[in-house]
Amino acid sequence: MEGLSDVASFATKLKNTLIQYHSIEEDKWRVAKKTKDVTVWRKPSEEFNGYLYKAQGVIDDLVNSIIDHIRPGPCRLDWDSLMTSLDILENFEENCCVMRYTTAGQLWNIISPREFVDFSYTVGYKEGLLSCGISLDWDEKRPEFVRGYNHPCGWFCVPLKDNPNQSLLTGYIQTDLRGMIPQSAVDTAMASTLTNFYGHFINNHAEFN
């Protein structure tokens, strides 16, 4: 796998890219969708001809529990209705792994099921955690899925200063779904996917504990 000859430096570069996104000034973002639980912003991506999305909301749970249900592992499938399978292909030290996962069709199957192979890294960030990832060029492909590509993405989770039993979850996502899809459909799907992500997480979080 190209780029993984030095896992530690690959992971550090990915982490630093996400920290850079996390420091982008507020006036660079434009609101894409807002619900009572979450706000989603977007700006043109510097990685591909699409958007970098930012999503943020408060979760009524502890940081470690939240990240355990977001990073690769069996807990993710318990609540994420978009994800239909998840397999760990390789494990590395320092909370790094390569995972393959599939997603369900979206928008009445205008967007057909997708497959992704991502490098994932979870690391401490300030008083909380960062779980981040990026897709890899993985040779083995399954014909029943279109192979999507995640440019650097990740989730920052930190406890609220005035209530450590609640956490602020901030995500950065820039997914190239590939295939022949109208850009308007992609934009609609991404904003809805992120608001649904928070909605499903919040609705199910009581079952985690």
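Our structure is the block above this text.
Residues numbered from 1 in each chain as written. Predicted model: local features only at pLDDT ≥ 70, side-chain atom pairs only at ≥ 80, totals over all residues. Heavy atoms only, no water.

Visitor: Which residues make up the layout of surface pockets, and what values do they have?
Guide: Counted as a void, the largest pocket has a volume near 720 Å³. Lining the largest pocket we find 37 residues, and of these Arg-76, Asp-80, Leu-82, Tyr-101 and Thr-193 sit closest to its centre. Elements represented by at least two residues in the lining of the largest pocket include exactly strand S5 (96-103), strand S6 (114-125), strand S7 (128-135), strand S10 (153-160) and helix H4 (183-208). Take the lining of the largest pocket: its biggest share by element is eight residues, from H4. Here the second largest pocket is characterised by a volume of approximately 310 Å³. As for the second largest pocket, its lining consists of 18 residues, and the residues nearest its centre are His-22, Gln-56, Lys-126, Val-158 and Leu-168. If you list the elements that add at least two residues to the lining of the second largest pocket, you get strand S3 (51-59), S10 and strand S11 (163-173). If you tally residues by element for the lining of the second largest pocket, the top one is S10, at four residues. (1 Å grid on protein atoms, 1.4 Å probe; cavity = no way out; pocket = protein on both sides within 12 Å on 5 of 7 lines; lining within 4 Å. Points joined across faces, edges and corners; volume = space filled by probe spheres on them. Helix = DSSP H or I, 4+ residues; strand = E, 2+ residues; numbered from the N terminus.)

Visitor: Give a description of the pattern of salt bridges that names residues and reports values.
Guide: Inspection of the entire model under this criterion finds seven salt bridges. When the shortest N-O distance is used, the salt bridge between Lys-36 and Asp-37 registers 3.3 Å. Judged by its relative accessible area of 25%, Asp-37 is partly exposed. Residue Glu-115 is joined to Arg-147 by a salt bridge in which the shortest nitrogen-to-oxygen separation is 3.0 Å. Remark: Arg-147 occurs in strand S8 (residues 146-147) and Glu-115 occurs in strand S6; sequence separation between them is 32 residues. (Salt bridge = Lys/Arg side-chain N within 4 Å of Asp/Glu carboxyl O. Buried < 20%, exposed > 50% of the residue type's maximum accessible area, 1.4 Å probe, protein only.)

Visitor: Can you break down unusual backbone geometry residue by residue, with the values?
Guide: Where the residue is not glycine, phi is negative for most of them; where a peptide bond is considered, it is trans in most cases. Unlike most non-glycine residues, Lys-126 shows phi in positive territory, near 50 degrees. Its location among the elements puts Lys-126 in the loop between S6 and S7.

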